Amino acid sequence: MLDTISKQKIKRLKEKEVRVLLFLLSFCVTTSLFAVDATLKIEKDVEHRSRIALVDGSDQQNQKLLKILLSDLKISGHFLPDESVYTGEFTSDYIDPALKSQEYVLKYKFFQGSGAKLYIRLLRASDGAQLFKKSYSIPRAKKMPFLAHKVATDINAYLKYPDISWINRYVVYTRYTGAKRSEILLADYTFTYQKVIIRGGLNLFPKWADAKQRSFYYTSYSGLLPTLYRINIYTGQKSKIISSEGMLVCSDVSEDFSKLLLTMAPEGHADIFEFNLANRQKKRVTRFNGIDVNGKYTDDEKSIVFVSNRLGYANVFKKSIHSAAVAPVVYHGKNNNACDAYRENVVYSSRESESSFGRNKFNLYLTSSNGGDTRPLTTTGTNQFPRFSSNGSVVLYIKHHETGSSIGYINLHSYQSLLFPIDGRKLQSIDW
């Protein structure tokens, strides 16, 4: 990891600060990214999902659009789409007898030039009655995946299923481009759409700054001190938030976006601070002569969960923001090195093997910050860097396996999972 920080900065760091930064970076994803076809694993009985078939009425079929629509419907947990490819007249109410076993038929017609247009009709399979109709357009064809995501969201809402609007959100992530260089990109959740926002220098740890995803925070290591910036993705306007010796990471943002949880090392060891954006004041939340990182709000933001080595190994702990008491959240494993929180739910990655030369096994677990049942979310492979969706219903993670790596999603209500194989440059951190 030392090749990611300039020699000039390393000389300025105390030995403890270097150790802290390496500890933090070891939690970050070191995999690669390139969107290809999705691999799906179905883990839930199908009786509570609606059967639906897709009929393409376009002049020219677009396999990428079809696969995205299928992925959206599957990961929602509310549909069981027929994966066969059907074609038919878009304006016709005729339903092929082979589709009568379905509950719904989604007919669509797609046009793509410099921009993209998509027309849809949702029909009842039994009699061809039209239930829902809508048209969509987008000025840049590269953003076509978002048309598909909006279709799935609208159909889901029309049928009064629980909200799945998380599929419309951007993912923001960092990937390395060379020694001491990185870039920060936007993507849709399938990573079919990708756009570079920041190039040049070493820019790490992006974190969304507002509900509408207009801005995000990130740490720049290009100046004399690590500096936290906020950038507007539409205007490019950038503002400095704070600088710190040694290290600086924004790990969480309060629900009203007025406060940040920062990992800083002003005294040579990493602690977690709460930073008030209005008055620019910071409050120390943890104080430990070791390593405390990756703070996440929980319990209505009265407490945080975080990763610390205060037991001699990485583990997940909980602490009230206003008191000194600290308690473990996890009681199994000797390397629980990454976590995220949504309200009282906590997801974490736990190392379950001790390989000195091969790839270690990591599994994801879901637990509560207040104690209670813990259940595994994965059982095979190397699964790391979990992140809750904006509504807490889905977990994003990175899965390493023998044939490569994938961006993974787990629907916590339906147990439906979705994998997108990845390949290419190293991925450093991610948020959505």
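In this text the structure is predicted, and so the values were computed from the model without any measurement.

Participant: Explain the pairing of strand E26 (residues 362–368) to me, using residue names and the numbers behind them.
Facilitator: Across the seven residues of E26, seven count as buried, placing the element largely inside the fold. Pairing of strand E25 (residues 345–351) with E26 involves seven bridges; the strand directions are antiparallel. Counterpart to Ser349 in the pairing with E26 is Leu364. Judged from the two bridges that link them, E26 and strand E27 (residues 375–376) form a sheet pairing that is antiparallel. Bridge pairing in E27 links Tyr365 to Pro376. The hairpin turn running from E26 into E27, its antiparallel successor, is six residues long, and Gly371 in that turn takes a positive phi close to 85°.

Participant: Explain the sheet that holds strand E17 (residues 259–264) residue by residue, including any values.
Facilitator: Reading across the sheet, the four strands line up as E16-E17-E18-E19 and stay open at both edges, with antiparallel pairing between neighbours. At either end of the open sheet lies a strand with only one pairing partner, and these are strand E16 (248–253) and strand E19 (281–284). The average angle at which neighbouring strand axes cross in this sheet is 30°, direction not considered. Pairing of E16 with E17 involves five bridges; the strand directions are antiparallel. What sits directly across from Val253, in E17, is Leu260.

Participant: I'd like to hear about the nonpolar core, residue by residue, with values.
Facilitator: By size, the foremost hydrophobic cluster in this structure holds 50 residues, and its most contacted members are Leu118, Ile120, Trp166, Ile407 and Tyr409. The leading source of residues in this core is helix H3 (residues 63–75), at seven residues.

Participant: Talk me through H3; I want residue IDs and the actual numbers.
Facilitator: Compared with the 18 Å implied by 1.5 Å per residue over 13 residues, the 18 Å span of H3 between its first and last C-alpha is a close match. Burial within H3 is extensive, with 10 of its 13 residues counted as buried. All buried positions along H3 are accounted for by Leu65, Leu66, Ile68, Leu69, Leu70, Ser71, Asp72, Leu73, Lys74 and Ile75. The N-terminus of H3 is capped by Asn62, whose side-chain oxygen sits 3.1 Å from the backbone nitrogen of Lys64.

Participant: An account of the packing of H3 against helix H4 (residues 144–158) is requested, with residue identities and associated values reported.
Facilitator: With their axes 9 Å apart at the nearest point, H3 and H4 run at an angle of 40° to one another. In this structure, H3 crosses over H4, and the sense of that crossing is right-handed. Here Lys64, Leu65, Ile68, Leu69, Asp72 and Leu73 of H3 come into contact with H4, specifically with Met144, Pro145, Ala148, His149, Val151 and Ala152. Broken down by class, the residue content of the contact of H3 with H4 amounts to nine nonpolar, one polar and two charged.

Cut-offs and rules
- Residues numbered from 1 in each chain as written.
- Predicted model: local features only at pLDDT ≥ 70, side-chain atom pairs only at ≥ 80, totals over all residues.
- Heavy atoms only, no water.
- Buried < 20%, exposed > 50% of the residue type's maximum accessible area, 1.4 Å probe, protein only.
- Helix = DSSP H or I, 4+ residues; strand = E, 2+ residues; numbered from the N terminus.
- Pairing = 2+ DSSP bridges.
- Axes fitted to C-alpha atoms, helices over the stretch in contact; angles between N-to-C directions.
- Core = buried A, V, L, I, M, F, W, Y, C linked by side-chain atoms within 4.5 Å.
- Expected span 1.5 Å × (residues − 1).
- Polar contact = N/O pair within 3.5 Å; in protein donor to acceptor, adjacent residues only side chain to side chain.
- Left-handed = near helix turned anticlockwise from the far one by under 90°.
- Contact = heavy atoms within 4.5 Å.
- Nonpolar A, V, L, I, M, F, W, Y, C, P; charged D, E, K, R; others polar.

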